[in-house]
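Now for the letters of each chain:
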Amino acid sequence: MVYCPKCGDIYRRIAWNNRGKHSIVWRCCTRVEHGPEKCDAPTIQESELQAAVIKAINTALGNRDSMMAALQENVEAVIRQGDESSAENIEARLEELQKELLRRANSKKDYNSVADEIDHLRELKQKALTESAEREGVKKRIAEMREFLDSQATEVLEYDEQLVRRLVEKITVYDERFEVEFKSSMTVDVIG
Ligand SMILES: [Zn+2]
């Protein structure tokens, strides 16, 4: 879930041995495989990366009220999107068109345009169903973030891999800062 802002590739975890000094670092895959002339993204220590993620989570906790309000807005926006293009609306229109098609066929009228529209609406309905499933996923992730903000009374002190996997979608490594995007689509910038 760690990304390079320069080439868009992912960062890879690497055991680094620098003149007998061992450490775990994260590096851009393009840079590892093709050298610094292809991508000059910085190498970062794992400890730095973990500290940045904890800082981002604690920033979210510190701004609990505004985070909660923003999450609530996100949920409402997701629900509104669903109302506008619901599969049920499309289904209702499809049923009308199927009746219309039968009427035309029975009276030997041309029904090609109706058949085309039915095909088109079937595609739209499939798309609406997929989007509806995606919206449910977003709602679930927002609920998890709210639950975390509600239940975590104090700052997080130690790096917790499970917690991070649950909450964090993406970390982008810039030269001077990290951008941490939570699964609930909220983004927090952390100066590294
Ligand atoms: Zn890169």
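Look up: the structure comes first, before these words.
Below or above, wherever it landed, is the structure these notes cover. Counting restarts for each chain: residues are numbered from 1 in the order of the written sequence. Predicted model: local features are reported for residues with pLDDT of at least 70 only, side-chain atom pairs are reported and counted for 80 or more only, and whole-chain, interface and lining totals are derived from all residues. Just so you know, side-chain values use all the structure's heavy atoms and leave hydrogens and water out.

Glancing now at the sheet that holds strand 2 (residues 11-18). Two strands make a pair as long as DSSP finds a minimum of two bridges between them. The secondary structure listing takes helices from DSSP runs of H or I that are at least 4 residues long and strands from runs of E that are at least 2 residues long, numbered from the N terminus. Read across the sheet, three strands follow the order 2-3-4 without closing on themselves; strand pairing throughout is antiparallel. For this open sheet the edge positions go to strand 2 and strand 4 (44-45), each flanked by a neighbour on one side alone. When strand 2 meets strand 3 (residues 21-28), the two strands line up antiparallel, connected through eight bridges. Residue Tyr11 lies in a different strand from strand 3, and its bridge partner there is Cys28.

Before going further, it helps to spend a moment on the sheet that holds strand 1 (residues 2-3). The strand order across the open sheet formed by four strands is 1-5-6-7, and the pairing between neighbours is mixed. The sheet terminates laterally at strand 1 and strand 7 (187-191), the two strands that pair on one side only. Most of the contacts of helix 2 (residues 46-62) go to strand 6 (residues 177-182), to which it runs at about 55 degrees, and overall it touches strand 1, strand 5 (168-173), strand 6 and strand 7. We call two residues in contact when some of their heavy atoms are within 4.5 Å. To obtain each axis, a line is fitted to C-alpha atoms, and for helices this fit is confined to the stretch in contact; angles are then taken between N-to-C directions over 0 to 180 degrees.

This part takes up helix 4 (residues 87-106). Helix length check: helix 4 (20 residues) gives 28 Å between terminal C-alpha atoms against 28 Å at 1.5 Å per residue, within 8%. Accessible area is worked out with a 1.4 Å probe on protein chains only. A residue is then buried under 20% of its type maximum, exposed over 50%, and partly exposed in between. Among all positions of helix 4, only Ala87, Ile90, Leu94 and Leu97 are buried. One face of helix 4 carries all of its buried residues, which in axial projection span an arc of 80 degrees. Across helix 4 from its buried face, at more than 90 degrees, point the exposed residues Glu88, Lys99, Leu102, Arg103 and Asn106. Of the surrounding secondary structure, the elements contacted by the buried residues of helix 4 are helix 5 (112-151). Backbone geometry just after helix 4 places Lys108 at a positive phi near 55 degrees. Take the residue count of a helix, subtract one, and multiply by 1.5 Å to get its expected span. Starting at the helix axis, one direction is taken to each C-beta atom, and the arc is that of these directions.

Looking now at the side chain of Thr30. When you line up the elements, Thr30 lands in helix 1 (residues 29-34). For Thr30, the residues in contact, after removing those within four places along its chain, are Cys7, Asp9, Gly35, Lys38 and Cys39.

Summarising the metal site, the zinc ion is bound by the protein donors Cys4 (SG), Cys7 (SG), Cys28 (SG) and Cys39 (SG), whose distances to it range over 2.2 to 2.4 Å. Here the coordinating atoms are restricted to nitrogen, oxygen and sulfur within 2.8 Å of the metal centre, or 3.2 Å for Na, K and Ca, and because water is not among them the sites may look incomplete. Angular criteria define each label, namely tetrahedral for four donors with all angles between 85 and 135 degrees, square planar for four and octahedral for six donors with opposite donors over 155 degrees apart and remaining angles between 65 and 115, and irregular for whatever fails these tests. Here the zinc ion binds four donor atoms, and the angle range of 97 to 118 degrees at the metal identifies the geometry as tetrahedral. In the primary sequence, the donor residues of the zinc ion line up as C-x2-C-x20-C-x10-C. Placement of the pair is Cys7 in the loop between strand 1 and strand 2 and Cys28 in strand 3, with a sequence separation of 21 residues. Residue classification places Cys28 among the buried positions, given a relative accessible area of 1%.

Limitation: the analysis is restricted to geometry and does not speak to function.
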